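Secondary and tertiary structure notes
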Amino acid sequence: MAAVRTRFAPSPTGYLHIGGAWTAFFNWLFARHHGGVFILRIEDTDRSRSTQAYEAAIFEDFRWLGLGWQEGPDVGGPVGPYRQTERQDLYARFARELADRGAAYPCYCTADELDAERRRAERERRPHRYSGRCRDLTAAQRAAFEAAGRRPSLRLRVTDLAEPIVVDDLIRGRVVFEPEHLDDYIIVRSDGTPLYNFANVVDDHLMDITHVIRASEHLSNTPKQWVMYRALGWAPPAFAHLPVILGADRKKLSKRHGDTAVREYREQGYLPEALLNFFALMAWHPESEREVYALEELVREFRLEEVGRASPIFDLDKLTWLNGVYMRRLMGQAPGRVVDLCVGILQREGLLPADPGPEARAYLARVVEVVGERLKTGRDIIAYGDFFFRDVEYDPAAAAVHLTPASAPLLAAYADALADLEPFERGTIEAALRGVCARAGAEARALIHPARVALTGKTAGPGLFELTEVLGRERAVDRLRRAAAFAAGAVVP
RNA sequence: GGCCCCAUCGUCUAGGGGACCAGGACGCGGCCCUCUCAAGGCCGAAACGGGGGUUCGAAUCCCCCUGGGGCCA
């Protein structure tokens, strides 16, 4: 068998979608597993919606994911160009060839005429297919239409097909389409632009794609394309139709389900390796009962035939859990990357300047060291550690419980104890707190919880003593005194 | 409406005739650990959509129904 060549062909009309990235990943995995080539092709024929910015964004998101391509618009390759707008002459050439052979014919029907046909079919409650009234126009009739100023579209002649179309899908098995449901479909619009089912076939063939792995929303396009391959005299590639990822309501994953762009997950501080690991667990699962896999393992074990046919529902909870697993691992192996992750998040939140100096970075590193273990996503740095970067704001419920007149004297005494504590580090801080409580005849917890609220504003977060050390003496003492006053009943801004 | 696809715990899945009174994971509940939270440990609730076949035996094979989805209109 020839070397495996797969492709992913996004339209640059938006950011890389989760579903697209997942599909691309399976293409990538399959190619890698077989030592083949993964190609990126840009389907930008819809010029009104395609933009260069989106194209660049898609490249960027793929790079972030770590999915490289061997051929594509930016890196070139032997069967380029890899942008459909740059391949117009190719489509024109094959359209002409089809027309010359009579395998395709010009259709002069107007949109209104076709609408009328469709409505009539609906009224008579039969499925609509193109009537074929332009199939056998004489040269004179065509000339008359042309003279009347009508610009023809080009239709593929398929209605004389007799036998069923049988597609042996690598995932779905044998799928049979009866020919009577097909009609002569348009392959080139009257303005000369090629349609999906035409351009796609031309590209896949010319790019020598061996396996078309795509979402099953394209399954119903397959017979049309199948006919196209035949008309062009080409051997079709192998097809594999992946299920469609659904949202919690079991409808195709879309904006209204929340974040659907890879970029949005990136911005929230998800890790690419976690996302890929998560992708591998949708509609497929490696052999062992683990959930966490290195990329190389996935490449080694991936088998297209094992991919499930049922549509998975995007499970954000599981993704987040998996991301937490990777975050914790990173804390042990490369805490710097967690710091990098948090820098972007904090900047977007306005808690860190655009260009943090080495001092700010060092501080952030200490913060991460203290909160890192509980970060499931980068964004959690806000939930768990915002107080490291801005003034505390008491959570009303937490203040009501812990900043009471009873805790005021303890907070004040603790502030005094910390004011001249030397050295100021977690061990001595803890001893100071316990000393204050012992002298007051109170339990440690009677001060620990109020102190936490005083310093962080919340009831949950990193260890109190570590956090206090990172916060530093000045801010800690200041916040404790303010909380003591607040607790005593004074209104403190 | 037409065509096509799909169907195991709430979710992701293992299972491809006896190894299954169905395994793992997320989530959920309880307990432990503990300065809180997270993590971790232990325990628990939780599924083969229904009906017919085939077979000595079906989650696993076939048919029908039901339900869900995708595409086209």
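Residues numbered from 1 in each chain as written. Chains lettered and ligands numbered in written order. Predicted model: local features only at pLDDT ≥ 70, side-chain atom pairs only at ≥ 80, totals over all residues. Heavy atoms only, no water.

1. Some points on the sheet that holds strand β3 (residues 104-107)
- The strand order across the open sheet formed by three strands is β3-β4-β7, and the pairing between neighbours is antiparallel. For this open sheet the edge positions go to β3 and β7 (186-188), each flanked by a neighbour on one side alone. With direction set aside, neighbouring strand axes in the sheet form an average angle of 45 degrees. (Pairing = 2+ DSSP bridges. Helix = DSSP H or I, 4+ residues; strand = E, 2+ residues; numbered from the N terminus. Axes fitted to C-alpha atoms, helices over the stretch in contact; angles between N-to-C directions.)

2. Quick word on unusual backbone geometry
- A cis amide bond links Gly80 to the next residue, Pro81, at an omega of 0 degrees.
- Looking at the secondary structure, you find Pro81 in the loop between α2 (52-65) and α3 (88-101).
- Here Glu422 and Pro423 are connected by a cis peptide whose omega angle stands at -10 degrees.
- By the secondary structure assignment, Pro423 is in the loop between α16 (408-419) and α17 (426-440).
- The residue Asp208 is not glycine, and still its phi comes out positive at about 65 degrees.
- Within the secondary structure, Asp208 sits in the loop between α6 (196-206) and β8 (211-215).
- You can call Asp208 partly exposed: its relative accessible area is 47%.
- Backbone geometry at Ala283 places phi at a positive 70 degrees, although glycine is not the residue there.
- By secondary structure assignment, the location of Ala283 is in the loop between α9 (272-280) and α10 (295-301). (Buried < 20%, exposed > 50% of the residue type's maximum accessible area, 1.4 Å probe, protein only.)

3. Details of the packing of helix α1 (residues 18-33) against α9
- Where α1 contacts α9, the two axes come as close as 10 Å, and the packing angle between them is 75 degrees. Classed by the angle they form, the pair α1 and α9 counts as roughly perpendicular. Of the residues in α9, those in contact with Ile18, Ala21, Trp22, Phe25 and Phe26 of α1 are Leu276, Phe279 and Ala280.
- Within the contact of α1 with α9, the residues separate by chemical class into eight nonpolar, no polar and no charged. (Parallel < 35°, antiparallel > 145°, perpendicular 65-115°, else oblique. Contact = heavy atoms within 4.5 Å. Nonpolar A, V, L, I, M, F, W, Y, C, P; charged D, E, K, R; others polar.)

4. Focus: the confidence of the model for chain A
- Overall, the predicted model of chain A reaches an average pLDDT of 92, with 99% of residues at or above 70.
- Confidence estimates for the predicted assembly give a pTM of 0.93 and an ipTM of 0.94. (pLDDT = per-residue confidence, 0-100.)

5. Description of the protein's contact with RNA strand B
- Taken together, 44 residues sit near RNA strand B, with Arg118, Arg172, Lys251, Ala283 and Arg374 positioned nearest.
- Close to the protein, within 4 Å, the atoms of RNA strand B are drawn from sugar and phosphate at a rate of 79%.
- Take Asp315: an N or O atom from its side chain is 3.4 Å from a sugar or linking oxygen of RNA strand B.
- A distance of 2.8 Å is found between a base oxygen of RNA strand B and a side-chain nitrogen or oxygen belonging to Arg452.
- Within the residue set of the surface near RNA strand B, elements represented by two or more residues are α4 (111-123), β6 (173-177), α11 (316-333), α18 (445-456) and α19 (464-471). (Near = heavy atom within 4 Å. Polar contact = N/O pair within 3.5 Å; in protein donor to acceptor, adjacent residues only side chain to side chain.)

6. Details of the pairing of β3
- Across the two faces of β3 the burial is the same, with Ala104 and Pro106 and Tyr105 and Cys107 all buried.
- Direction of pairing for β3 relative to strand β4 (residues 153-156): antiparallel, over a ladder of four bridges. Looking at the pairing, Pro106 lines up with Leu154 of β4.

7. Observations regarding the nonpolar core
- Grouped together as the largest cluster of nonpolar side chains are 114 residues, with contacts concentrated most on Phe25, Phe279, Leu364, Phe388, Leu411 and Leu418.
- Val158, Val175, Val212 and Ala231 belong to the second largest nonpolar core, which has 37 residues in total. (Core = buried A, V, L, I, M, F, W, Y, C linked by side-chain atoms within 4.5 Å.)

8. Brief notes about the side chain of Gln225
- Mapped onto the secondary structure, Gln225 falls in helix α7 (residues 222-232).
- Its relative accessible area of 1% is what places Gln225 among the buried residues.
- Those residues within four positions of Gln225 in sequence are excluded, and the remaining contacts are Tyr185, Tyr196, Asn197, Asn200, Val201, Arg214 and Phe239.

9. Some details on the pairing of β4
- By the alternation rule, side chains of β4 split into Ser153 and Arg155 and Leu154 and Leu156, which are all buried.
- As paired elements, β4 and β7 share two bridges and run antiparallel to each other. What sits directly across from Leu154, in β7, is Val188.

10. Things to note about the state of the cysteines
- For the coordinates displayed, the defined rule picks out zero disulfides.
- For Cys134, which is in no disulfide, the shortest distance to another cysteine sulfur is to Cys109 and amounts to 3.6 Å.
- With a relative accessible area of 4%, Cys134 lands in the buried category. (Disulfide = S-S within 2.5 Å.)

11. Some points on the layout of surface pockets
- Computed from the structure, the largest pocket encloses a volume of approximately 1,100 Å³.
- Contributing to the lining of the largest pocket are 41 residues, with Ala9, Pro10, Ser11, Glu217 and His218 lying nearest its centre.
- Of all the elements in the fold, those that place two or more residues in the lining of the largest pocket are β1 (5-8), α1, α6 and β8.
- Examining the composition of the lining of the largest pocket, we find that four residues originate from one element, α1, more than from any other. (1 Å grid on protein atoms, 1.4 Å probe; cavity = no way out; pocket = protein on both sides within 12 Å on 5 of 7 lines; lining within 4 Å. Points joined across faces, edges and corners; volume = space filled by probe spheres on them.)

12. Observations regarding the environment of Lys458
- Tracing the chain through its elements places Lys458 in the loop between α18 and α19.
- Classification of Lys458 by relative accessible area gives buried; the value is 19%.
- Taking the C-alpha atoms as reference points, Lys458 and Phe387, separated by 71 residues in sequence, lie 9.4 Å from one another.
- Discounting chain neighbours no more than four positions away, the residues touching Lys458 are Ala383, Asp386, Phe387, Arg452 and Val453.
- Within polar-contact distance, the side chain of Lys458 engages the side chain of Asp386 at 2.8 Å.

13. Observations concerning the pattern of salt bridges
- If you walk through the whole model with that rule in mind, you get 40 salt bridges.
- Of the charged contacts, one joins Glu124 and Arg126 as a salt bridge, the two residues approaching to 2.8 Å between their closest N and O atoms.
- Using a relative accessible area of 46% as the deciding quantity, one classes Glu124 as partly exposed.
- Here Arg126 falls in the partly exposed class, since its relative accessible area comes to 39%.
- Salt bridges linked by common partners bring Arg7, Arg41, Glu43, Arg87, Asp203 and Asp204 together as one network. (Salt bridge = Lys/Arg side-chain N within 4 Å of Asp/Glu carboxyl O.)

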